[in-house]
Amino acid sequence: DHTLCLYGVFPNSVLTMQGDHGALFAMFPSGDRVDESVLYISLLVPDEPLTDKLRSHWQVHLDLLCSAVYEDFAIGESIQRSLGSGANTHTTYGRLEPGLDTYHRHINAAIGKPTTRPNGH
């Protein structure tokens, strides 16, 4: 009841499960630009909401979810602009963030880009 499980679905989706519902986030390129994408969010509920009360209940969940995503996007867009400036020559992940390193290694392998790591592996 008090856990949010996040599952990365390679290469472009995240599935979250918590309590009595879940959400699917799927990201896709937007046109020909490499710096734009579109995000689809689906709320996954156990049964079709057949009453106004249930529809309202799930709409509140979806609205809260979307507001959190919008806040994250504002920060993410700022980070992306900074990365796009070319001022950074590399990115260092903290030792408690191995998932980020693993994700980028898998993406690089999928597109045929060699991966370099600080320790040479």
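It should be noted that the structure appears before, not after, this text.
Here the residue numbers are simple positions, counted from 1 along each chain's written sequence. In keeping with the predicted nature of the model, local features appear solely for residues at pLDDT of at least 70, side-chain atom pairs appear and are counted solely at 80 or more, and the whole-chain, interface and lining totals rest on all residues. Heavy atoms from the whole structure form the basis of all side-chain values; hydrogens and water molecules are not counted.

Asks: Can you walk me through the overall build of the protein chain in this structure?
Replies: Runs of H or I in DSSP of at least four residues are treated as helices and runs of E of at least two as strands, each being numbered from the N terminus. In terms of helices and strands, the protein chain carries two helices and four strands. Along the protein chain, helices and strands appear, N-terminal first, in the series β-β-β-β-α-α. The principal-axis extent of the C-alpha atoms belonging to the protein chain is close to 55 × 30 × 25 Å. The cut-offs for exposure are 20% and 50% of the maximum accessible area for each residue type, with area from a 1.4 Å probe on protein chains only; residues under the lower value are buried, those over the upper are exposed, and the others partly exposed. For the protein chain, the residues scored as buried account for 10% of the 121 residues in total.

Asks: Before we go on, may I ask you to explain unusual backbone geometry in this structure?
Replies: For residues besides glycine, phi is generally negative; the peptide bonds are generally trans as well. Omega for the bond connecting F10 with P11 falls within 30 degrees of zero, at 5°, which places this linkage in the cis form. Here P11 shows up in the loop between β1 (4–9) and β2 (13–18).

Asks: For this particular structure, what's the right way to read the environment of D35?
Replies: For D35, the location among the structural elements is in the loop between β3 (21–29) and β4 (37–44). Relative accessible area serves as the criterion here: at 44%, D35 is assigned to the partly exposed category. The sequence separation of D35 and L64 amounts to 29 residues, and the corresponding C-alpha distance is 26 Å.

Asks: Hey, could you run me through the side chain of S13 in this one?
Replies: Relative to the helices and strands, S13 resides in strand β2. Here a polar contact means two N or O atoms within 3.5 Å. Within protein one must be a hydrogen donor candidate and the other an acceptor candidate, and residues neighboring in sequence count only if both atoms are side-chain atoms. There is a polar contact of 3.3 Å between the side chain of S13 and the side chain of N12. Other than its neighbours up to four places away in sequence, S13 contacts Y7, G8, L24, F25, A26 and M27. For this analysis, residues touch if any pair of their heavy atoms sits within 4.5 Å.

Asks: Just to check I follow, could you spell out the packing of aromatic side chains for this structure?
Replies: Where two aromatic rings form a pair, the distance of their centres and the angle of their planes describe that pair. What counts as a ring pair is set by centres within 6.5 Å for rings of Phe, Tyr and Trp (its six-membered ring), and what kind of pair is set by the plane angle: stacked under 30 degrees, edge-to-face over 60, tilted for all other angles. Overall, the coordinates contain one aromatic pair when judged by the stated rule. Measuring from centroid to centroid gives 6.0 Å for F28 and Y40, while their planes differ by 65°, and the two rings are edge-to-face. Here Y40 lies in strand β4 and F28 lies in strand β3, a separation of 12 residues in the sequence.

Asks: Explain the pattern of salt bridges here, please?
Replies: Side-chain pairs of opposite charge can arise where the charged atoms are in close proximity. Here a salt bridge means any side-chain nitrogen of Lys or Arg lying within 4 Å of a carboxyl oxygen belonging to Asp or Glu. Following the criterion strictly, the structure yields two salt bridges and no others. Residue R55 pairs with D52 through a salt bridge whose shortest N-O separation is 2.6 Å. Placement of the pair is R55 and D52 together in helix α1 (residues 52–84), with a separation of three residues, close to one helical turn. For R55, a relative accessible area of 39% gives the class partly exposed. When its relative accessible area of 60% is taken as the criterion, D52 is described as exposed.

Geometric values such as these leave the question of function open.
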